[in-house]
Protein chains: 2
Amino acid sequence: MATTDKASTRDRLLDAAAELFYREGVSIGVEALCRTAGVSKRSMYQLFASKDEVLAASLERRLPAYEARLASGAQDAGTPRERILHVFERLEKASTEPAYQGCPYLAALVELKDPQHPASVVARVAKERLQGVFRERAAEGGARDPQLLARQLMLVFDGASARAGAGIETLDGLAVPTATALLDAAGMS
Amino acid sequence: MATTDKASTRDRLLDAAAELFYREGVSIGVEALCRTAGVSKRSMYQLFASKDEVLAASLERRLPAYEARLASGAQDAGTPRERILHVFERLEKASTEPAYQGCPYLAALVELKDPQHPASVVARVAKERLQGVFRERAAEGGARDPQLLARQLMLVFDGASARAGAGIETLDGLAVPTATALLDAAGMS
DNA sequence: GCGGGAGGAAACCGATCGGTATATCGCCTT
DNA sequence: AAGGCGATATACCGATCGGTTTCCTCCCGC
């Protein structure tokens, strides 16, 4: 069935796109992208209207895996406080990988300064979802102002991922204590 | 005197470069850069070896003004705590400007993923200097671990500037309370 | 076996990339 | 007034940009 071939071509393209955009930045060319994906430009432009749409789709495709990685194991176990701190533990751990370049969604927003860009829209959704998770846990844990705490945690999360990705910080023993201080200040269990 | 002309050409070029790189990103072309600066490519390549050097020099040139902006007024007045919080007040204020795109040094590090890039070196210096200021104030204020507190404050600073620059956060009433919580947790006066 | 559609390779499009070379102009010095 | 230097404008270089098109091959159902 033709659908199978088409889907696998699409998958190969989006996987290569996600990796290349992350490693080299959004300015990577269509030529290089298709070459490493093993997909012809013709096929790419049959599946997507433009390079921008490929970038947006590759970010969207990675979102479930990205969120699962931050949750990992213990999805529903532990107190709300533990579940929040777990995210920062995962961040600290991810940042030790040699290829770590920071959160790909924040990087996309910074590199594409245009908020209208289709990839920027996807990136904003990713960021809002994480903030929403923080807010829910904060509310469950009895934080004084769950929304404020969630915003504060996002500052730490994005600052940490950006600095680690830029190679100017090693989060070892930094992200978790910082988040802890904010949880305490918010009066969370 | 010829020196004057040369300096003004250089200044015009670096000023335009700083503004364009900040607004459009590091991928702005040499052609467009020289056009808006009113400088010929020939002159540019006599003053600098490459576009990369122009970028690095433009970041370096803006550093004193950038630091002065974060300090503003009250350079030596106030308690160490007040002086730290003052930086976050300035950040909150700067982020309200419509053209705000976040800290240009962090943006450069994120966009140029190469840590060897001459502009990345300058950007790292800028970040280290701010962290050094935080550390000194933290020590003066009797923080338990001045270096740890300085790193935590940098997380908040960079997270806040990146998110505000990306247009996904308005720092209003966020950056200062977050920094305050960390100062309190560090046991600082 | 044969027709047809999908997909790949590659040429091609105009534009722009970073960088260089040429030729001329204007100003300062002597 | 003459010379020289700094600056400009402009054309040019090969490469690459995002995107389109042509051609050809391979594989599928009939």
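Residues numbered from 1 in each chain as written. Chains lettered and ligands numbered in written order. Predicted model: local features only at pLDDT ≥ 70, side-chain atom pairs only at ≥ 80, totals over all residues. Heavy atoms only, no water.

Caption draft 1: Fine view of helix H4 (residues 51-71) of chain A. Residues and elements named next belong to chain A. With 21 residues, H4 ought to run about 30 Å at 1.5 Å a step, and its terminal C-alpha atoms sit 31 Å apart, in line with that. Roughly 40° is the biggest bend found in H4, and it falls at leucine 63, with proline proline 64 one to four residues downstream. Of the residues making up H4, those classed as buried are Val54, Leu55, Ala56, Ala57, Ser58, Leu59, Leu63, Tyr66 and Leu70. After H4 finishes, the residue serine 72 shows a positive phi value of roughly 45°. (Helix = DSSP H or I, 4+ residues; strand = E, 2+ residues; numbered from the N terminus. Expected span 1.5 Å × (residues − 1). Bend = angle between axes of the 7 residues up to and from the residue. Buried < 20%, exposed > 50% of the residue type's maximum accessible area, 1.4 Å probe, protein only.)

Caption draft 2: Spatial organisation of the protein's contact with DNA strand C. Of all residues adjacent to DNA strand C, which total 13 residues, the nearest are A:Arg42, A:Ser43, B:Val30, B:Lys41 and B:Lys51. Sugar plus phosphate: this is where 46% of the atoms of DNA strand C within 4 Å of the protein reside. Separating a base oxygen of DNA strand C from a side-chain N or O atom of B:Arg42 is a distance of 3.1 Å. Within the residue set of the surface near DNA strand C, elements represented by two or more residues are helix H3 (41-47) of chain A together with helix H2 (30-37) and helix H3 (41-47) of chain B. Of the residues in the surface near DNA strand C, the class split is three nonpolar, five polar and five charged. (Near = heavy atom within 4 Å. Polar contact = N/O pair within 3.5 Å; in protein donor to acceptor, adjacent residues only side chain to side chain. Nonpolar A, V, L, I, M, F, W, Y, C, P; charged D, E, K, R; others polar.)

Caption draft 3: Local environment of the nonpolar core. Among the nonpolar cores identified, the biggest contains 138 residues, and A:Phe88 and B:Phe88 are the most heavily contacted of them. Beyond its immediate sequence surroundings of up to four residues, A:Phe88 is in contact with A:Phe134, A:Leu153, A:Val156, A:Phe157, A:Ala175, A:Val176 and A:Ala179. (Core = buried A, V, L, I, M, F, W, Y, C linked by side-chain atoms within 4.5 Å. Contact = heavy atoms within 4.5 Å.)

Caption draft 4: Structural context of the relation of the copies chain A and chain B. Expressed as a screw transformation, the operator carrying chain A onto chain B has a rotation angle of 180° and an axial translation of 0.0 Å, and the superposed copies differ by an RMSD of 0.0 Å. Given the turn and translation reported, the copies of this chain are related as if by a two-fold rotation axis. Taking the C-alpha atom as reference, chain A places A:Gly159 closest to the rotation axis, 1.7 Å from it. A high fraction, 100%, of the interface residues of chain A reappear at the interface in chain B, so the copies pair face to face through one surface. (Least-squares fit on C-alpha atoms with pLDDT ≥ 70 in both.)

Caption draft 5: Focus on the packing of helix H5 (residues 80-94) of chain B against helix H9 (residues 175-185) of chain B. All names here are of chain B. Direction vectors running N to C along H5 and H9 enclose 155°, while the axes themselves pass 8 Å from each other. Judged by the angle between their axes, H5 and H9 are roughly antiparallel. In this structure, H5 meets H9 at a crossing whose hand is right-handed. Packed against H5, whose contacting residues are Arg81, Ile84, Leu85, Phe88, Glu89 and Glu92, the element H9 presents Ala175, Val176, Pro177, Ala179, Thr180, Leu183 and Asp184 at the interface. (Axes fitted to C-alpha atoms, helices over the stretch in contact; angles between N-to-C directions. Parallel < 35°, antiparallel > 145°, perpendicular 65-115°, else oblique. Left-handed = near helix turned anticlockwise from the far one by under 90°.)

Caption draft 6: Region of the structure containing the interface of chain A and chain B. Chain A puts 38 residues into the contact, and the matching count from chain B is 38 residues. Taking both sides of the interface into account, the surface hidden between chain A and chain B amounts to around 3,000 Å²; carbon and sulfur atoms contribute 67%. It is A:Lys113, A:Leu155 and A:Arg163 in chain A that bury the most area against chain B; as a group they hold 25% of the surface buried on that side. Where chain A touches chain B, the interface holds six salt bridges. Linking A:Glu169 and B:Arg151 is a salt bridge whose minimum nitrogen-to-oxygen distance equals 2.9 Å. At the junction of chain A with chain B, the criterion picks out 12 residue pairs in polar contact (both at pLDDT 80 or more). Listing elements by their share of the side of chain A that touches chain B, those giving two or more residues are helix H1 (2-24), helix H6 (104-111), helix H7 (118-140), helix H8 (146-165) and helix H9 (175-185) of chain A. A per-element tally of the side of chain A that touches chain B places H8(A) first, with 11 residues. Taken together, the residues that form the side of chain A that touches chain B break down as 19 nonpolar, eight polar and 11 charged. (Buried area = accessible area lost by both parts, 1.4 Å probe. Salt bridge = Lys/Arg side-chain N within 4 Å of Asp/Glu carboxyl O.)

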